[in-house]
Amino acid sequence: MTARTASGPLTDRAVGRSILPASAYTDQNVFDTEMREIFERRWVWAGFEHWVAEAGSSRPINVAGRPLLLIRDKKGTLRVFHNICRHRGIVLSEEPSTRGRLRCPYHFWTYDLDGSLCGTPYFDRSKASSPDEETRSQLGLLPVQHIVWAGMVLVHLGTPETSADELLAPLRERWAGIDLAGLHNTAERRYEIDANWKLVVENFLDFYHLPMVHPQVGSAAAALDVDDLVLSPEIVGACYPHGANGKATGKAAKTAVPLPLLGAVPPALRDRQDIFCVFPNALVFLEADWFQVIGFEPAAPDRTVEHMAIFVDRAADAAEYAEARASLSKVLFEVNDQDLPILAALQRGRRSLAANRNHLVPHWDQITARFQHLVADALGDSRD
């Protein structure tokens with residue numbers, strides 16, 4: 001196992017005692033600080049583009065406990081707004097909708113899907129009254145900065161120090177030749193995870209457990225063939241250089257019929273598996289013919305809402321690939337299902353009086369240590 005940055009071996013961030021204390025996974029005050037200092041101050045996963053595939057559709061979402069609204073307007077433009085009426089601040093929409101307009105449940109103010117204020121019944125106590133145009137223009141829904149990439153919607157609730165394009169540049173470069181614009185969602189599941197969000201990430205980045213918990217994905221020897229990678233301070237993970245090789249048949253096969261590749265994939269990428277966390281809450285897994293995303297919302301210190309989506313090339317939506325798509329989805333969901341009791345047990349373990357004596361090992365846990373340092377540094381608490 002080789003540990004590397006994008007340009008060379010990992011040599012700093014020594015591995016040993018767990019960087020984060022057990023209370024970081026159980027304490028409400030820590031959780032609230034994370035929401036404020038991490039999830040409100042960075043580009044974060046907020047949902048999937050296909051959630052509002054049709055023009056005129058909308059879906060409420062939450063980021064850091066803040067209500068937002070994902071919208072596809074009538075012209076097909078994807079928009080994100082703060083999900084509150086501009087009059088008294090009530091949550092505007094509680095359920096997905098395909099209505100052409102949004103109506104406040106309190107005083108029936110209405111908004112177009114571009115965010116503009118349309119109707120304000122009895123505004124001056126007369127039936128057909130409305131504000132003047134200057135007032136109306138100031139009372140539209142408040143937009144949220146966002147970007148759509150690889151089927152995901154990333155948002156920033158504050159003032160970005162780095163653009164989303166700069167954040168994603170290392171992955172764009174690494175995946176040059178992959179047609180991420182041609183992705184087709186083939187399956188999705190929502191999970192209620194009885195664990196802290198950081199354990200969800202750490203488990204995703206833990207390659208040591210694969211042959212023990214997920215024997216169907218390959219042998220222990222296969223798990224050893226992995227390179228830890230740090231593409232940037234906020235994109236960490238690993239690569240299996242030969243991870244997809246030999247999986248067309250046999251026990252580790254995901255599909256009996258090969259799926260179309262994700263575009264003009266260079267030969268050097270066709271056997272590779274890439275596994276990365278885009279800090280803090282986008283977990284991505286790429287092979288040449290499929291792409292998996294686990295995006296999640298931290299809901300409480302001991303609960304995480306996880307959305308797992310599987311993408312293939314648009315050409316793989318053809319009927320001839322139906323069985324292959326179903327087979328792929330079955331295998332990937334099975335792997336995720338196997339992690340649920342592990343995550344719940346990890347969370348219970350953080351209540352132990354001995355939990356602060358956990359020890360990371362250099363042969364397997366360098367990326368976990370990197371992730372924990374990211375959290376600690378974001379909280380200004382890397383030495384405690």
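Here's a quick rundown of the structure. All of these numbers come straight from a predicted model, not from anything done at the bench.

Rules used in this analysis
- Residues numbered from 1 in each chain as written.
- Predicted model: local features only at pLDDT ≥ 70, side-chain atom pairs only at ≥ 80, totals over all residues.
- Heavy atoms only, no water.
- Helix = DSSP H or I, 4+ residues; strand = E, 2+ residues; numbered from the N terminus.
- Rg over C-alpha atoms; globule rule 2.2 N^0.38 Å.
- Contact = heavy atoms within 4.5 Å.
- Areas by Shrake-Rupley, 256 points an atom, 1.4 Å probe, with all protein chains shown as cover.
- Pairing = 2+ DSSP bridges.
- Axes fitted to C-alpha atoms, helices over the stretch in contact; angles between N-to-C directions.
- Salt bridge = Lys/Arg side-chain N within 4 Å of Asp/Glu carboxyl O.
- Buried < 20%, exposed > 50% of the residue type's maximum accessible area, 1.4 Å probe, protein only.
- Phe/Tyr/Trp six-rings, centres within 6.5 Å; stacked < 30°, edge-to-face > 60°.
- Lys NZ or Arg CZ within 6 Å of the ring centre and 35° of its normal.

### Concerning the overall build of the chain
In step 1: Tallying secondary structure elements over the chain gives 8 helices and 17 strands in all.
In step 2: Relative to its length of 384 residues, the chain is compact, with a C-alpha radius of gyration of 23 Å against a globular reference of 21 Å.
In step 3: Judged by the C-alpha coordinates and their principal axes, the chain covers about 75 × 55 × 35 Å.
In step 4: For the chain, contacts bridging at least 24 residues in sequence account for 67% of all contacts bridging at least 6.
In step 5: When the accessible surface of the chain is split by element, carbon and sulfur atoms take 49% of a total near 17,900 Å².

### Brief notes about the pairing of strand β9 (residues 145-149)
In step 1: Direction of pairing for β9 relative to strand β10 (residues 152-156): antiparallel, over a ladder of 5 bridges. Considered in β10, the bridge of Val-148 is made with Val-153.
In step 2: Linking two consecutive strands that pair antiparallel, namely β9 and β10, is a turn of 2 residues; a positive phi of about 50 degrees is found at Ala-150 within it.

### Re the sheet that holds strand β5 (residues 78-82)
In step 1: Ordered by their spatial adjacency, 3 strands build an open sheet running β3-β4-β5, and the pairing between neighbours is antiparallel. One side of each edge strand has no neighbouring strand; the edge strands of this open sheet are β3 (58-63) and β5. Looking at each pair of strands side by side, their axes are set apart by 30 degrees on average, direction ignored.

### Here we look at the sheet that holds strand β2 (residues 44-48)
In step 1: The strand order β2-β10-β9 describes an open sheet built from 3 strands, whose pairing is antiparallel. Both edges of this open sheet fall to β2 and β9, since each of them pairs with a single strand only. For this sheet, the mean angle separating the axes of adjacent strands, direction not counted, is 30 degrees.
In step 2: The pairing of β2 with β10 spans 4 bridges and is antiparallel. Bridge pairing in β10 places Gly-47 opposite Val-153.
In step 3: Packing of helix α3 (residues 164-174) onto the sheet brings it into contact with β9 and β10, and relative to β9 it is tilted by some 20 degrees.

### Here's the deal with the pattern of salt bridges
In step 1: All told, the structure shown has 15 salt bridges when counted by the stated rule.
In step 2: Residues Arg-36 and Glu-37 are paired through a salt bridge, measuring 3.3 Å at the closest nitrogen-oxygen approach.
In step 3: For Arg-36, a relative accessible area of 39% gives the class partly exposed.
In step 4: A salt bridge links Asp-274 to Arg-272; the nearest nitrogen and oxygen atoms lie 3.3 Å apart.
In step 5: According to the relative accessible area criterion, Asp-274 is buried, its value standing at 1%.
In step 6: Overlapping salt bridges bring together Arg-36, Glu-37 and Arg-41 as one network.

### Here we look at the packing of aromatic side chains
In step 1: According to the stated counting rule, one finds 15 aromatic pairs in the structure shown.
In step 2: Measuring from ring centre to ring centre gives 6.1 Å for Trp-109 and Phe-123, while their planes differ by 50 degrees; the resulting arrangement is tilted. Remark: Phe-123 occurs in the loop between β8 (117-119) and α2 (133-138) and Trp-109 occurs in the loop between β6 (101-103) and β7 (110-112); sequence separation between them is 14 residues.
In step 3: Residue class for Trp-109 comes out buried when judged on its relative accessible area of 7%.
In step 4: Accessibility expressed as a relative area gives 38% for Phe-123, which makes it partly exposed.
In step 5: One Lys or Arg, Arg-103, reaches over the ring of Phe-108 and ends 3.8 Å from the middle of that ring.

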